[in-house]
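An overview of the molecular structure
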Amino acid sequence: MARQYFNSALSDALIVAASITPTTAKTFLLTQAQANQALPLPYGQAAPFAGQIFRFALGGLITTPATGTLIIDPVHGNGATSTTGGTDMGASPAQTVTASLSSIPWRMEGELIYRLISGAATASTAWLVGNFWSQGTLATAGGGWTIPFGSTAVVSVDTTGTGTAGTFGALNFYVTFSVTGATIITEYTAMQSLN
């Protein structure tokens, strides 16, 4: 008999919009509390198992600056502060975004796969891959942009809950623009266990 897998939501979706106006410094897309609520990761006694896959999706509205690039950087852990913490899972390259868009839809999705689970802090390993995309200049064919991000090798992560604060418990994303003037509103989130 084949194994049966059932997708299940890990948490309620974020239903209150989370708005940020990032500077040119790394800024979390969600606060610690929002990441814990909307993109939780199991740890400690409820640690994931080797081979467990989680799918995440977020979306909302973005206003882009008059010029510049954007970097998306996923982190394992909700972070210690709004600009530090978490275990880096593989930042995107700096991608030029369409200039001066106002309240345009964006979407981000991907998967986090645990490869090895250990009882020692930061000895588990995981792999993450995803995409962030939005439309380009209105009424211009082929103007959309996509920013791939993710691991280039397995990453050591904490699934015990005993390591450094902010390195376990949730998934979060840094955004870094090369110039100021952007606004990103997260309108919804989804986090599922696929197996």
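Residues numbered from 1 in each chain as written. Predicted model: local features only at pLDDT ≥ 70, side-chain atom pairs only at ≥ 80, totals over all residues. Heavy atoms only, no water.

1. Concerning the pairing of strand β12 (residues 171–177)
Counting buried positions along β12 yields 7 of 7 residues, so the element is predominantly enclosed. Pairing of strand β3 (residues 27–28) with β12 involves 2 bridges; the strand directions are antiparallel. Following the sheet pairing, T27 is matched in β12 by V175. Across 7 bridges, strand β5 (residues 69–76) lies against β12 in antiparallel orientation. In the strand pairing of β12, D73 is matched with Y174. (Buried < 20%, exposed > 50% of the residue type's maximum accessible area, 1.4 Å probe, protein only. Helix = DSSP H or I, 4+ residues; strand = E, 2+ residues; numbered from the N terminus. Pairing = 2+ DSSP bridges.)

2. A few points about the packing of aromatic side chains
Taken as a whole and judged by the stated rule, the model has 7 aromatic pairs. Taken together, a centroid distance of 5.8 Å and an interplanar angle of 90 degrees make the contact between F54 and Y114 edge-to-face. One end of the pair, F54, is in strand β4 (residues 53–63); the other, Y114, is in strand β8 (residues 104–116), with 60 residues separating them in the sequence. The buried category is assigned to F54, whose relative accessible area is 1%. Geometrically, the ring pair formed by F149 and F173 is edge-to-face, given 6.0 Å between the ring centres and 70 degrees between the ring planes. Within this pair, whereas F149 is found in strand β10 (residues 145–150), its partner F173 is found in strand β12, the two being separated by 24 residues in sequence. Using a relative accessible area of 0% as the deciding quantity, one classes F173 as buried. Among the aromatic residues, those joined into a ring-pair cluster are F56, F149 and F173. (Phe/Tyr/Trp six-rings, centres within 6.5 Å; stacked < 30°, edge-to-face > 60°.)

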